[in-house]
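# Commentary on secondary and tertiary structure
Take a look at the letters that make up each chain.
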Amino acid sequence: MQKKFYITTPIYYVNDKPHIGHAYTNIVSDVIARFKRLDGYDVKFLTGTDEHGQKVEKSAQKYSIQTQEYVDKIAQNFINLTKDLNLSNDDFIRTTENRHKNFVQSVWQKLINNNQIYLGKYSGWYSIRDEAYFLESELVNGNAPSGAPVEWIEESSYFFRLESFQQKLLNFYKDNPDFIHPESRKNEVISFVKSGLKDLSVSRTSFKWGIKVPNDENHVIYVWLDALFNYISALNENKASFWPANLHVVGKDILRFHTVYWPAFLMAADLPIPKRIFAHGWWTNNGEKISKSLGNVIDPYNIIEKYGLDYFRYYLIREITFGNDGNFSEDSFIEKINSELVNKIGNLIFRTVNLIYKNCEQKIPTPDEFNEKDSKLLTDAYGAIFKIRNYLDEQSLKQMLEVIIVLSNNANVFIDEEAPWKLKTTDFKRMCTVLYVISEVIRIIALLLQPFIPHTAENILDYFKIKQRSFDAVSKSHCINPGTVLNEPEIFFKKIEIEKN
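Along each chain, the written sequence defines residue order, and numbers are assigned to residues from 1. Confidence filtering applies because this is a predicted model: local features only for residues at pLDDT of at least 70, side-chain atom pairs given and counted only at 80 or more, and all residues used for totals across whole chains, interfaces and linings. Side-chain descriptors were evaluated using all non-hydrogen atoms of the structure, hydrogens and water having been removed beforehand.

### A short note on the sheet that holds strand β6 (residues 151–160)
Note the threshold: Two strands qualify as a pair provided that DSSP identifies no fewer than 2 bridges between them. Only DSSP runs of H or I covering at least 4 residues are called helices, and only runs of E covering at least 2 are called strands; the numbering of each starts at the N terminus. By definition, residues are in contact when any of their heavy atoms lie within 4.5 Å. Lines fitted to C-alpha atoms define the axes, with helix axes restricted to the stretch in contact, and inter-axis angles between N-to-C directions lie between 0 and 180 degrees.
Strand order in the open sheet formed by 4 strands is β5-β4-β6-β8, and the pairing between neighbours is antiparallel. Each edge of the open sheet is held by one strand with a lone partner, namely β5 (132–134) and β8 (200–201). Strand direction decides the pairing type here: β6 and β8, joined by 2 bridges, are antiparallel. Paired with F159 across the two strands is S201, which belongs to β8. Strands in contact with helix α10 (residues 255–268) are β5, β6 and β8; relative to β6, the strand with the most contacts, it is inclined by about 30°.

Structure below.
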């Protein structure tokens, strides 16, 4: 039976247009999903939008339009983003869909039946912007830790018995050390839980835009109890096949919801817990925190329009270690693309196909026997998939690309040392062998680049007329066919010219 793999992004709150943070989470998740598909897995990749809550209701009122009309408009921006980033998501869930609302209400009823929810009164600090409750001790200068303003709320509320899950959660973290990544985030979560959990208010009466509490329509279900269950509501009849999820990719700002509330909700509803939550960092712009007030928000569409989608995808993965904060710099962007994709991989491909086109009747040459250097380079190429696979399972995406760059470096050194342009007149058979070996390494490089820069990788594979494109083909049993006719040489990676002032 084919192995299953289920990966999700967070569902994005519909209060603004997408920015680089949304693009980053989406692209990272897409790389992982594409890799797993190519590696033989049956993959489910989900993204979507979180469309309930007081913040959304207020935003719609601000624009004097119906709330559903407002969320339809904003959600479309995120739907468009999946296409514009060339994502391979299988589904897009919206929390205003009936399939989601019906499932959340069924979960609520299960929690009631399990005596995990009770009616009481809430008094405390609430941040509309974060859609989160905070203890007095958590406030920083009178605001939420995020800097968002808070207001004192007193209202009738249903409560979830979160306090009773404190030790259960600590036991779970101990028994499942891979649940939270990176390691620094795990320590942060454990510290929070050890400091003491209080029962959680999970309904509101002060606004109406949300999923109604079954049998008590004066209350709407707390937006986080509602939103988190999207990961299961989207599976429909595939729940048994894909749940629990293999990986939730989230931003570090929503780590607590996914590593404390979410497993507690699932335990209370007798549902399995996901295998891993990976919390990535934030992006800054030339060293400054990104904010609308500073006017330095990075619009992914501007970067894509200027430099192309695959360059943008490559840079986001290559620039930072996944899990850390990252700094977006246009100078760094240009340097990374030119030094790696253009000068290393692009140059390797162009000079190889140029030599073949001119000296081998425009066909992949037939090799003679491989010598030790040939075999070493080919063995390294075939072995790259094992290194990359191990990095992927730890979500070390930058290191995955490093393996490919090292392979291209080694191939460039090989072609420089062998100098096939000289061999044409001194040892034609050796020239053919060298060019064949490099062509085979280029085939492997293109196969491995597919999850990262799918469009360009596809173009390279098309050029070499490679039909088998799964990672099973990263082996000598699927080696490139001698005699394959090549078209006129193409430049697959164009250098970014630095604009002079």
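### Observations concerning the sheet that holds strand β1 (residues 4–13)
If you trace the 6 strands from one edge of the open sheet to the other, you get β3-β2-β1-β12-β13-β7, paired in parallel fashion. One side of each edge strand has no neighbouring strand; the edge strands of this open sheet are β3 (91–94) and β7 (180–181). With 2 bridges joining them, β7 and strand β13 (residues 277–280) adopt parallel strand pairing. Paired with H181 across the bridge in β13 is F278.

### Things to note about the pattern of salt bridges
The test is simple: What counts as a salt bridge is simple: a side-chain nitrogen of Lys or Arg found within 4 Å of a carboxyl oxygen of Asp or Glu. Accessible area is worked out with a 1.4 Å probe on protein chains only. A residue is then buried under 20% of its type maximum, exposed over 50%, and partly exposed in between.
Tallying each qualifying case throughout the model produces 30 salt bridges. We note a salt bridge from E330 to K306, for which the minimum N-O separation is 2.7 Å. With a gap of 24 residues between them, E330 in helix α13 (residues 330–359) and K306 in helix α11 (residues 300–307) connect regions that are remote in the sequence. In this structure E330 comes out as partly exposed when scored by relative accessible area, which is 30%.

### A closer look at the nonpolar core
The cut-off we apply is this: Take the buried Ala, Val, Leu, Ile, Met, Phe, Trp, Tyr and Cys residues and link them wherever side-chain atoms come within 4.5 Å; each set so joined is a nonpolar core.
F312, F333, F464 and F493 are the most contacted members of the largest nonpolar core, which totals 99 residues. Top element by residues in this core is helix α17 (residues 428–449). It accounts for 15 residues. Those residues in contact with F493 that lie beyond four places of it in its chain are Y311, L341, V342, I345, G346, I349, I453, T456 and I460. A148, F160, F165 and L235 belong to the second largest nonpolar core, which has 82 residues in total.

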